[in-house]
Amino acid sequence: MIDPEAYPSWLTRDVRAVVTKVESVLAGQSDPIGKARAIHRIFAEMGFHALLVPQDFGGRGVDHTSAGLAYELLSFELPGTLYGTLTTAHCSLMIMSGMNNDFHEDRLRMIARLGHPAAFCLTEQDAGSDISAVRTRAELEDGAYLISGSKSIVINHCIADTLVVFAAVPPARGRAALSAFVLDAAIPGVLPKAPYPE
């Protein structure tokens, strides 16, 4: 049993504010993409998708313990609804850990300030938990990387504005070859497929 007294007051207040809205979406929305967008929007309005992102970038800037408590309480109150928000939060952390140019900073601000969802693109048909088997490649051409390959499971793929794509960069092999690339989901060549049925 979760003791609501153990949580900071801002957290219980903000969770109460989203529970009714999310439950309304769950009861009234049958389109899975529309449902995913609506749920992400509700969580993003309260900043739950960017709890760990510094306030300078538009996030809430809370510590890891507070973020963990927030996600625990939300998971208890709204089971099965956090996968998109947690994926966006995870992608934000990855962008922050490797942030080295203006594009990365812009994408982080878009996620945190504007509530843009992000997608984590690692799993492939023959490379699930074995990341050394990833076949997607990133080849350096004319000063930019050309990424080719496909992913089989990408949470948020139908609603994402930002993609964090894992690809192998030759000549290295296996895990040592993997790099994460931050992409605008609207660039030519990104071809999302229909979501799996619920």
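See the structure printed just above.
Keep in mind that this is a model prediction, so the values were computed, not measured. (Residues numbered from 1 in each chain as written. Predicted model: local features only at pLDDT ≥ 70, side-chain atom pairs only at ≥ 80, totals over all residues. Heavy atoms only, no water.)

Draft legend 1. Examining unusual backbone geometry more closely. In the segment running from Pro-170 into Pro-171, the intervening peptide bond is cis, with an omega of 10°. With a phi close to 50°, Asp-142 is a non-glycine residue in the positive phi region. Mapping Asp-142 onto the fold places it in the loop between β2 (137-141) and β3 (144-148). Overall, Asp-142 belongs to the exposed group, its relative accessible area being 84%. (Helix = DSSP H or I, 4+ residues; strand = E, 2+ residues; numbered from the N terminus. Buried < 20%, exposed > 50% of the residue type's maximum accessible area, 1.4 Å probe, protein only.)

Draft legend 2. Quick look at the packing of aromatic side chains. In total, this model carries three aromatic pairs according to the counting rule given. Seen in terms of ring centroids, Phe-120 and Phe-166 are 5.3 Å apart; in terms of plane orientation they differ by 65°. Their pairing is edge-to-face. Of the two residues, Phe-120 is situated in strand β1 (residues 118-121) and Phe-166 in strand β4 (residues 162-168); the sequence distance between them amounts to 46 residues. In this arrangement the basic side chain of Arg-60 is found over the ring face of Phe-48, its NZ or CZ atom lying 5.9 Å from the centre. (Phe/Tyr/Trp six-rings, centres within 6.5 Å; stacked < 30°, edge-to-face > 60°. Lys NZ or Arg CZ within 6 Å of the ring centre and 35° of its normal.)

Draft legend 3. Molecular detail of the pairing of β4. Among the seven residues in β4, seven count as buried, and that is most of the element. On β4, burial covers both faces: Thr-162, Val-164, Phe-166 and Ala-168 on one face and Leu-163, Val-165 and Ala-167 on the other are all buried. Direction of pairing for β1 relative to β4: parallel, over a ladder of four bridges. Paired with Cys-121 across the strands is Val-165, a residue of β4. Here seven bridges tie β4 to strand β5 (residues 178-184), and the two strands are oriented antiparallel to one another. Bridging from a neighbouring strand, Phe-166 pairs with Ala-180 of β5. (Pairing = 2+ DSSP bridges.)

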